[in-house]
Amino acid sequence: MTSPLSPAACSDLLARGYSRRSFGRIATLLAAGATVHALTKSAHAAILPSGINFEGMTRLGSNECWTGPFPEAAQAGASAVFQSNRYDPTGHMRDDLIKTVSEVESLPESHVMTWCGSSDPLARAIVTFCSPTRGLVTANPSYEAGWVAADWLKIPLARVPLSAKNGYRTDVRAMLAADPNAGVYYICSPNNPTGTLTPLRDIAWLVENKPKGSIVLVDEAYIHFAGTPSAVELVVKNKDVVVLRTFSKMFAMAGMRLGLTFARPDLHEAMMRYDGKSATTMLPVPAVACGTLSLTMKSAIAARRQEMIAARSMTFQHLRKRGLHFIPSDANMFIIDWKKPAAPIQDAFLKQKVVIGRSWPIWPNASRITVGSMDEMKIFCATLDRIIA
C-alpha cells in the first residue's frame, strides 16, 4: 500500500530510524487521532462502566470545569454558530485568535499555532522528535497520551516515579538520567493527576542540559488554575521548548475542541512536515469565537481560580480532619491515598451518585479527584463520610 506521507516525510522518518512498516501507524496517528481514541477508551473503562447515565451525578472524575464557558464568551460562540456555514466568517478569525494569544502571552505571533485541542500536537511532537533510537521520558504518574503514542510507534519509553522526597514534583534530573539521549522530555505542569508544579527553574535546567536535537514538551493544560509563571518565557528566548495549551480546563470548553502550541517557528515547521497544515487551520468557528474572547477576561479567570481554590481548600481541611493522606495541589484535581485498593472505593462513590477519578498502575491505592464547585465538593465530603466510616 502506498504511504499517504509525502516522499520528503518518508525520507525524514527513515533517516531517523523509523522503518517503512511504521509509516502506516504514523499516518494513522497524525490523521485519525489514534492516540486520543485509544486513551479515551482505556481511561473511560477505568473510570466508569460503559453506557452510564450521568444525569443526577456529581461528576468529579475527568478534570472538567464545574461550570460552562464564561457567559460573555459563550454568547460570542453561540452567535458564531449562525455563521458556521463559512469556514471563516470574517476571513480573519484565526488571525484574531493568534493576535490575542500573542498579546496576552507576550510572545511573537510567529511562535503561536492553533489546533483542535492539544492531543494532536502532543502526539505529533513525539512523532517529530522521537524515534526508535530516541525515546520519550515522562513522570509517573502523569498524563498518559504520550505513553500510548510511544507504544503505538514502538519507541523507547522511560517513566520516572514521582516521590514524596521531591514533593511529588517532576524530577528533571532523574528524567535526564533515565534516558540521556531521549528525543522528548515531557513535563505536565501542573501535573495530571497530582496537580503539582514543576518549578520553572527546573524546566530551564533540563532545557540547558538535555541532548542536542531533543525538545522539552511542557503541557500547561492546568496552568491557569495555578496562576504561576509559564514556560512560555523559554519559548520567547527561542529555546528547544514546545508548550501545549488547551481551552478545555479553565475556559470550560472541553467539548468545543480548541488548543494552542507555543514554539519557535522551525519547531512548528518540523511538526507540520508530515501532512500539511489543515489540522491547524480548519478550526470550529464557535470555539474560536469563544476562545478568543475568553483569553482576554483576566478578572473572570482570576475569579474562577479563586472559586476553585476555595472549594479545594475546604475539601483539604475536611480530609485533614478525617486523617486521610492527600497530595497538596496547585490545580483543579488532587490525589487521595486510601491506603487500600481504590477500585472498591470508586465503586462505592458511584453507588452514591458521585463520580471520582481513576487510579494509575503505579498507585493502585490512590484516586484522582477533580475539584468541582463548592456545593459539589460538599457533596463529595458528605459522601466520603458515609463511605469511610
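The structure displayed is predicted, hence computed values, not measured ones.

Caption draft 1: Summary view of the domain arrangement of the protein. Examined at the domain level, the protein breaks down into domain 1 (7–41 + 70–296) and domain 2 (50–67 + 298–388). In this structure, domain 1 and domain 2 have C-alpha centres spaced 26 Å apart. For the pair domain 1 and domain 2, the two sides together bury roughly 2,300 Å², of which 64% comes from carbon and sulfur. Counting the surface domain 1 buries against domain 2, the share from its top three residues, Phe-70, Pro-193 and Phe-225, is 26%. Taken together, domain 1 and domain 2 are joined by one salt bridge. Where domain 1 meets domain 2, there are ten residue pairs in polar contact (both at pLDDT 80 or more). Contributing elements (two or more residues each) for the side of domain 1 that touches domain 2: helix H10 (223–226) and helix H14 (285–295).

Caption draft 2: Spatial organisation of the environment of Arg-159. Residue placement: Arg-159 occurs in strand S4 (residues 157–161). On the basis of relative accessibility, which here comes to 43%, the residue Arg-159 falls in the partly exposed class. Taking the C-alpha atoms as reference points, Arg-159 and Met-256, separated by 97 residues in sequence, lie 31 Å from one another. Setting aside residues up to four positions removed in sequence, Arg-159 forms contacts with Thr-138, Asn-140 and Trp-147.

Caption draft 3: A look at the packing of aromatic side chains. Evaluation of the coordinates by the stated rule reveals eight aromatic pairs. Centroid distance Phe-70 to Phe-251: 6.2 Å. Interplanar angle 85°. Geometry classified as edge-to-face. Of the two residues, Phe-70 sits in the loop between strand S1 (58–60) and helix H4 (71–81) while Phe-251 sits in the loop between strand S7 (241–246) and strand S8 (259–262), which places them 181 residues apart along the sequence. Relative to Phe-251, the ring of Phe-247 lies with its centre 5.4 Å away and its plane at 40°, an arrangement referred to as tilted. Judged by relative accessible area, which is 2%, Phe-251 ranks as buried.

Caption draft 4: The arrangement of helix H16 (residues 342–351) in detail. Ala-342, Ile-345, Gln-346, Phe-349 and Leu-350 are the residues of H16 that are buried. Here the buried residues of H16 occupy an arc of 145° about the axis, which is enough to place them on one side. Facing away from the buried surface of H16 by more than 90 degrees, the exposed residues are Pro-344 and Lys-351. Phi turns positive, to about 65°, at Lys-353, one or two residues after H16.

Caption draft 5: Structural view of the pattern of salt bridges. Overall, the coordinates contain twelve salt bridges when judged by the stated rule. For Asp-120, the salt bridge goes to Arg-124, with nearest N and O atoms at 2.9 Å. Taken together, the residues span about one helical turn, with Asp-120 and Arg-124 both in helix H6 (residues 119–129) at a distance of four residues. Given the relative accessible area of 23%, Asp-120 is considered partly exposed.

Caption draft 6: Layout of helix H5 (residues 93–105). Here H5 is 13 residues long and its end C-alpha atoms lie 18 Å apart, about the 18 Å a rise of 1.5 Å per residue gives. Listed in full, the buried residues belonging to H5 are Met-93, Arg-94, Leu-97, Ile-98, Thr-100, Val-101, Ser-102 and Glu-105. Packing partners of the buried residues in H5 comprise strand S2 (112–115), helix H11 (232–236), S7, S8, helix H13 (278–281) and H14. Directly beyond the C-terminal end of H5, a positive phi value near 60° is found at Ser-106.

Caption draft 7: Summary view of the environment of Met-308. In this structure, Met-308 sits in helix H15 (residues 298–322). A relative accessible area of 0% places Met-308 in the buried class. For Met-308 and Lys-249, which are 59 residues apart along the polypeptide, the C-alpha to C-alpha distance reads 12 Å. Here Met-308 is in contact with Trp-66, Phe-225, Ala-331, Asn-332 and Val-371, once residues within four sequence places are set aside.

Caption draft 8: Just the pairing of strand S6 (residues 215–219), in detail. Most of S6 sits out of view: five of its five residues are buried. Neither face of S6 is left uncovered, since the one carrying Ile-215, Leu-217 and Asp-219 and the one carrying Val-216 and Val-218 both have all their residues buried. Handedness of the β-α-β unit built from strand S5 (residues 184–188), helix H9 (residues 200–209) and S6 comes out right-handed.

Caption draft 9: The nonpolar core, seen in detail. Phe-262, Phe-334, Ile-336, Trp-338, Phe-380 and Leu-384 are the most contacted members of the largest nonpolar core, which totals 76 residues. Residue assignment places this core across two domains, with domain 1 (7–41 + 70–296) and domain 2 (50–67 + 298–388) each supplying three or more. Counting residues in hydrophobic clusters, the runner-up holds 38 residues, among them Leu-5, Ala-9, Leu-13 and Met-272.

Caption draft 10: Representation of the sheet that holds strand S10 (residues 333–337) within the structure. Read from one edge to the other, the open sheet built from three strands follows the order S9-S10-S12, with strand pairing classed as antiparallel. A strand with exactly one partner marks an edge of an open sheet, and here the two such strands are strand S9 (325–327) and strand S12 (366–370). Neighbour-to-neighbour, the strand axes of this sheet turn through a mean angle of 30°, independent of strand direction. Summarising the sheet, S9 and S10 pair through three bridges and their orientation is antiparallel. Across the sheet, Ile-327 pairs through a bridge with Ile-335, a residue of S10.

Caption draft 11: Representation of a negative patch on the surface in the model. On the surface, Asp-95, Asp-96, Glu-103 and Glu-109 cluster together into a patch of negative charge. You can see Asp-95 is positioned in helix H5. With a relative accessible area of 46%, Asp-95 lands in the partly exposed category.

Caption draft 12: Representation of empty space enclosed by the protein within the structure. Scanning the entire structure with this criterion turns up one cavity of 30 Å³ or more. As a volume, the largest cavity reaches approximately 60 Å³. Val-101, Glu-105, His-224, Arg-245, Thr-246, Phe-247, Phe-251, Leu-260, Phe-262 and Leu-295 are the residues that line the largest cavity. When residues of the lining of the largest cavity are traced back to their parent elements, those giving at least two are H5, S7 and S8. In the lining of the largest cavity, the residues fall into six nonpolar, two polar and two charged.

Cut-off values and rules
Residues numbered from 1 in each chain as written. Predicted model: local features only at pLDDT ≥ 70, side-chain atom pairs only at ≥ 80, totals over all residues. Heavy atoms only, no water. Domains from an automatic or database assignment. Buried area = accessible area lost by both parts, 1.4 Å probe. Salt bridge = Lys/Arg side-chain N within 4 Å of Asp/Glu carboxyl O. Polar contact = N/O pair within 3.5 Å; in protein donor to acceptor, adjacent residues only side chain to side chain. Helix = DSSP H or I, 4+ residues; strand = E, 2+ residues; numbered from the N terminus. Buried < 20%, exposed > 50% of the residue type's maximum accessible area, 1.4 Å probe, protein only. Contact = heavy atoms within 4.5 Å. Phe/Tyr/Trp six-rings, centres within 6.5 Å; stacked < 30°, edge-to-face > 60°. Arc of directions from axis to C-beta. Expected span 1.5 Å × (residues − 1). Right-handed = clockwise from strand over helix to strand, strands pointing away. Core = buried A, V, L, I, M, F, W, Y, C linked by side-chain atoms within 4.5 Å. Pairing = 2+ DSSP bridges. Axes fitted to C-alpha atoms, helices over the stretch in contact; angles between N-to-C directions. Patch = residues over 30% accessible without salt bridge, like charges linked within 9 Å, V, L, I, M, F, W, Y side chains within 5 Å. Areas by Shrake-Rupley, 256 points an atom, 1.4 Å probe, with all protein chains shown as cover. Lys, Arg positive; Asp, Glu negative; His and termini not counted. Charge placed at Lys NZ, Arg CZ, Asp CG, Glu CD. 1 Å grid on protein atoms, 1.4 Å probe; cavity = no way out; pocket = protein on both sides within 12 Å on 5 of 7 lines; lining within 4 Å. Points joined across faces, edges and corners; volume = space filled by probe spheres on them. Nonpolar A, V, L, I, M, F, W, Y, C, P; charged D, E, K, R; others polar.

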